[in-house]
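One letter stands for each residue in the lines below.
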Amino acid sequence: MARRFVLKREETSQKAVELTIDYSGDLNPQQYAAATAGSGAHLVIAGAGTGKTRTLVYRVAYLVETGVSPDSILLLTFTRRASAEMLSRASVLLDGRCSLVRGGTFHSFCLSVLRRHSERIGYPTNFTILDSSDAADVVDVVRTAAGLHKGTKRFPRKKTLYSLFSTAANRSLSIPEVVESRYPQFFDFIEDISNLSDRYAEYKRRHVLMDYDDLMCQTIRLFDEHPDVRNAVSGQCRHVLVDEYQDTNRAQARLVEHFCSVYGNVTAVGDDAQSVYAFRGADSDNIFEFPDRYPDVRVLKLEQNYRSRQPILHLANKIITQATRRYDKVLFSDEKEGDLPALVAAPNDQFESRFVCQLIGQLREESVPLNRTAVLFRSGFNSYQLEIELNRRNIPFVKYGGVKLSEAAHVKDVIAHLKVLENPRDAAAWNRVLLLLEGIGPKTAQEIMEWVVSRDEDPFVLDDRPFSPRYVESLTALFAMLRSLFNATSSLENEVEQVLAYYEPILKSRYFEDYPKRLQDLEHFAGLAVQTSDRAEFLASLALDPIELTALEAEAADPDEPPLVLSTIHSAKGLEFDTVFIIQALEGILPSSYSLKDPDALDEELRLLYVAVTRAERNLFISYPMVQQRRFDGEYFARPSRFLEDIDESLLEPWSLVEEDAAPVEKQLAANNDRAQLPF
DNA sequence: TTTCCCAAGCTTTTT
DNA sequence: GCTTGGGAAA
């Protein structure tokens, strides 16, 4: 076989170009080195708050300024929010040119690749995307069809099955491997589960559907099977920049290799101490194996923290020493001064909420804008009590990691109609649409759908098949509506309006108790449609970038005062705030009770606390209720998180809460005199 | 076959 | 508290 010798591209000299940004003045030497590094592979190890984002932003600007065409730069981030923020910062630095840089999540970039090339792997390009609950529903349909749902022993539920499949996809493992390692209780079902996985894949293919994992796995398959496509895509990726590399999984690492296969210019940025997505298949070994994958890699480090004051860093450093794995990273700061972080023991969660609200009020008076303050917590429901209190005091807030608009049942119903128009073979959407009709159950829905999918001609024509009179009238109305939209070339806005007009009576009869509230959501939804013109794009962004319900409410409330941020710690990754509250720092919550048995999972919970702590610039308050309400068996005494138990008071100052006036003298005395006290 | 009702089981983090 | 699954009536 003939041998190919690859000639490296010579970096053209940029000496002649006049740079408009003072890189060495704006950045410290380590940041400067990373931002202005030349071609090849680079791994930037950056501790929390060391200006990782800033460095990436400057790197983008630098590349553009030195002549790299902006649309040949690919910036992969963890959320769309992060990528939008970085690109807007880069655009501020360097006029508008950076807005042409291609940025987004792995999922969204893969989507754009597949929309152009999916026919090569047998997928029409109008495929629709299943979110995780859609996917679980599809699994359920397949499972029922296969007759696996009944048997002597309990077969796994649809959500469990889907997450099992997802684990396999994200970790590049086979179904039996996943069952053996993570779901040993289903060992007896290995055959059936593998079988089901195949059927699920086949069903998706037949009905032109992709779930989240398919977006990545099918792209990999496309590249593996069609090197010409890979080269074409990779040939447009002159530089690939990857943020939060510690949270990538096997499939994503593979994708990065593909993307930079032509030019070999890749910059990965990450911090192994901040890896918090192992539950989703993230493999922090990716960082350590990076030098093996890219032998000529240059490893750069960012160590100086610019974000937090020294007392906060002392605490963060102390927390991370409790990990079973060693992280040899000590953050330091120039900002020596600052208050000690506080550990606030509240009698119960109402006191905790009052405490948080009162301090937020004080900060607001000290003219710290509300959106520079964040309340962080482990899980979405941890903030319910606080949300009540905030509403009572009219403090506007957005909650990230809460209920998404597109997850509400009634919104999903409307979306399903649009999906049917976009992809008439989308069985999941048809199923949803048909089940809304009186007199149609799973069986009939299945029949009608099979019939629609089997025909190649105009999918929205009802012929003279003998439909049962029980539902023929509503079915005719549905098809008439779909057909008129399918044939007309109306705007998306108009389309959504028509679907809503059709759906409103259904909404009324299904949810008559709280139908006005739901109608309001649908109006929000219609408002979103105005901003997009392309239906496929609109549907994709609903799936890949779901809108938080509270975001719309806060926006509506007062456009002048940006709202307070409530967020799960996961969703706060990469963000920073003047003041951070970490609430519900309880054993069983942070660390989560699910993690207690597994040392690796426990370590991840610890890193989660580390991430939360290092979001703070100036003030940090960690609080927990001493008594917790449980659903049925009443109250019980709660223990603070084990991660905080052994921390010295010189690093984390204990506070207790005292009622103003009303507090009896004994209570005052009972509180430890040495402890700081905050009167209400 | 659909729909309604009741009991049982689970309950995190995200694209 | 909410979803899911099973059973029985219409």
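Rules used in this analysis
- Each chain carries its own residue numbering, running from 1 in the written order of its sequence.
- Ligands are numbered from 1 and chains lettered from A, in the order in which they are written.
- Reporting in this predicted model follows two pLDDT cut-offs: at least 70 for local features of residues, and 80 or more for side-chain atom pairs to be given and counted; totals over whole chains, interfaces and linings ignore these cut-offs and use all residues.
- Heavy atoms throughout the structure, all of them, feed into the side-chain values; hydrogens and water do not.
- Two strands qualify as a pair provided DSSP detects at least 2 bridges between them.
- Secondary structure elements are taken from DSSP: a helix is a run of H or I of four residues or more, a strand is a run of E of two residues or more, and numbering for both begins at the N terminus.
- Here an axis means a line fitted to C-alpha atoms, over the contact stretch when the element is a helix, while the angle between two N-to-C directions is reported on a 0 to 180 degree scale.
- What makes two residues a contact is simply this: any of their non-hydrogen atoms within 4.5 Å.
- Any residue with a heavy atom positioned within 4 Å of a molecule or strand is treated as near that molecule or strand.
- The definition of a polar contact used here is a pair of N or O atoms within 3.5 Å, where within protein one atom must be able to donate a hydrogen and the other to accept one, and adjacent residues in sequence count solely through side-chain atom pairs.
- Amino acids are sorted into nonpolar (Ala, Val, Leu, Ile, Met, Phe, Trp, Tyr, Cys and Pro), charged (Asp, Glu, Lys and Arg) and polar (every other residue, Gly among them).
- What pLDDT reports is the predictor's confidence in each residue, on a scale of 0 through 100.
- Note on exposure labels: buried denotes an accessible area under 20% of the residue type's maximum, exposed denotes more than 50%, and partly exposed covers the range between, all computed with a 1.4 Å probe on protein chains only.
- We count a salt bridge whenever a side-chain nitrogen from Lys or Arg sits within 4 Å of a carboxyl oxygen from Asp or Glu.
- Taking the helix axis as origin, the arc is that swept by the directions to the C-beta atoms.
- Given the number of residues in a helix, its expected span is that number minus one, multiplied by 1.5 Å.
- Angle categories are assigned with fixed cut-offs, so that under 35 degrees is roughly parallel, over 145 is roughly antiparallel, 65 to 115 is roughly perpendicular, and the rest are oblique.
- In this scheme the crossing of two helices becomes right-handed for a clockwise turn of the near helix relative to the far one and left-handed for an anticlockwise turn of less than a right angle.

Some details on the sheet that holds strand E7 (residues 266-270)
- Ordered in space as E3-E2-E6-E7-E1-E8, the six strands form an open sheet in which the pairing is parallel. Since the sheet does not close on itself, it has two edges, and those belong to strand E3 (102-105) and strand E8 (298-302), each with one partner. Direction aside, the axes of adjacent strands within the sheet are offset by 15° on average.
- Of the strand pairs in this sheet, strand E2 (residues 73-77) and strand E6 (residues 239-242) are connected by four bridges, and their pairing is parallel. If you follow Leu-76 over to E6, its bridge partner there is Val-242.
- Along the sheet face, helix H4 (residues 80-93) touches E2 and E3 and points at about 135° away from the line of E2.
- Here helix H13 (residues 285-293) sits on the sheet and contacts strand E1 (41-46) and E7; the angle it forms with E1, its principal contact strand, is near 145°.

So, the protein's contact with DNA strand B
- Surveying the vicinity of DNA strand B reveals 30 residues, the closest of which are Arg-378, Gly-439, Gly-441, Lys-443 and Thr-444.
- With respect to DNA strand B, the side chain of Ser-571 contributes an N or O atom lying 2.8 Å from a phosphate oxygen.
- When residues of the surface near DNA strand B are assigned to their parent elements, the largest contribution, three residues, is made by helix H19 (residues 442-454).
- Broken down by class, the residue content of the surface near DNA strand B amounts to eight nonpolar, 14 polar and eight charged.

Regarding the confidence of the model for chain A
- Averaged over all residues, the pLDDT of chain A is 87; the fraction at 70 or higher stands at 92%.
- Across residues 664-680, confidence stays below pLDDT 50; counting only partners more than four residues off in sequence or on other chains, it has 29 contacts.

What to know about the side chain of Asn-28
- If you trace the backbone, Asn-28 turns up in the loop between helix H1 (23-26) and helix H2 (29-35).
- Separated by 2.7 Å, the side chain of Asn-28 and the backbone nitrogen of Gln-31 make a polar contact.
- Among the polar contacts made by the side chain of Asn-28, one reaches the side chain of Tyr-306 at a distance of 2.7 Å.
- For Asn-28, the contacting residues outside a window of four places in its chain are Gln-304 and Tyr-306.

Focus on the pairing of strand E14 (residues 564-568)
- Of all five residues in E14, five are buried, a share of seventy percent or more.
- Burial along E14 is two-sided: Leu-564, Leu-566 and Thr-568 and Val-565 and Ser-567, pointing in opposite directions, are all buried.
- The pairing of strand E12 (residues 373-377) with E14 spans four bridges and is classified as parallel. Opposite Val-375, over in E14, you have Leu-566 as the bridge partner.

Section: the pattern of salt bridges
- In total, this model carries 37 salt bridges according to the counting rule given.
- Between Asp-224 and Arg-254 there is a salt bridge, with the nearest N and O atoms lying 3.5 Å from each other. Taken together, the residues Asp-224 in helix H10 (residues 212-225) and Arg-254 in helix H12 (residues 250-259) connect sequence positions 30 residues apart.
- Where salt bridges share partners, they join Lys-52, Asp-243, Glu-244, Asp-247 and Lys-573 into one cluster.

Side note on helix H16 (residues 384-392)
- Where H16 is concerned, the buried positions are Leu-386, Glu-387, Glu-389 and Leu-390. Seen from one end, H16 has its buried residues packed into an arc of 165°, which puts them on one side. Exposed positions of H16 whose direction lies more than 90 degrees from the buried face are Tyr-384, Ile-388 and Arg-392.
- Where H16 is buried, its residues contact helix H15 (349-365), E12, strand E13 (397-400) and E14.

Considering the side chain of Arg-378
- Position of Arg-378 among the secondary structure elements: in the loop between E12 and H16.
- A distance of 2.6 Å separates the side chain of Arg-378 from the side chain of Glu-605, its partner in a polar contact.
- Residues contacting Arg-378, with those up to four places away along its chain left out, are Thr-568, Ile-569, His-570, Ile-589, Leu-590, Ser-592, Glu-605 and Leu-608.

So, the pairing of strand E19 (residues 653-658)
- For E19, a buried count of five out of six residues is recorded, marking the element as mostly surrounded by other parts of the structure.
- As paired elements, strand E11 (residues 342-346) and E19 share four bridges and run parallel to each other. The residue bridging Ala-342 from the neighbouring strand is Glu-653, located in E19.

Digging into helix H25 (residues 599-613)
- With 15 residues, H25 should cover 21 Å at 1.5 Å per step; its first-to-last C-alpha distance of 21 Å lies within 8% of that length.
- Buried residues dominate H25, accounting for 12 of its 15 residues.
- Buried within H25 we find Leu-602, Asp-603, Glu-604, Glu-605, Leu-606, Arg-607, Leu-608, Leu-609, Tyr-610, Val-611, Ala-612 and Val-613.
- Summarising the contacts, the buried residues of H25 are in contact with helix H14 (310-320), E12, strand E15 (577-582), strand E16 (616-625) and helix H26 (642-645).
- Residue Asp-598 occupies the N-cap position of H25, its side-chain oxygen lying 3.0 Å from the main-chain nitrogen of Asp-600.

Here's the deal with the packing of helix H7 (residues 158-171) against H10
- Packing of H7 against H10 brings their axes to within 10 Å, and their N-to-C directions diverge by 30°. Classified by the angle between their axes, H7 and H10 sit roughly parallel to one another. Relative to H10, the crossing made by H7 is left-handed. Note on element contacts: H10 touches H7 through Tyr-212, Asp-213, Met-216 and Cys-217, opposite Tyr-162, Ser-166, Ala-169 and Asn-170.
- Its residues placed into classes, the contact of H7 with H10 shows five nonpolar, two polar and one charged.

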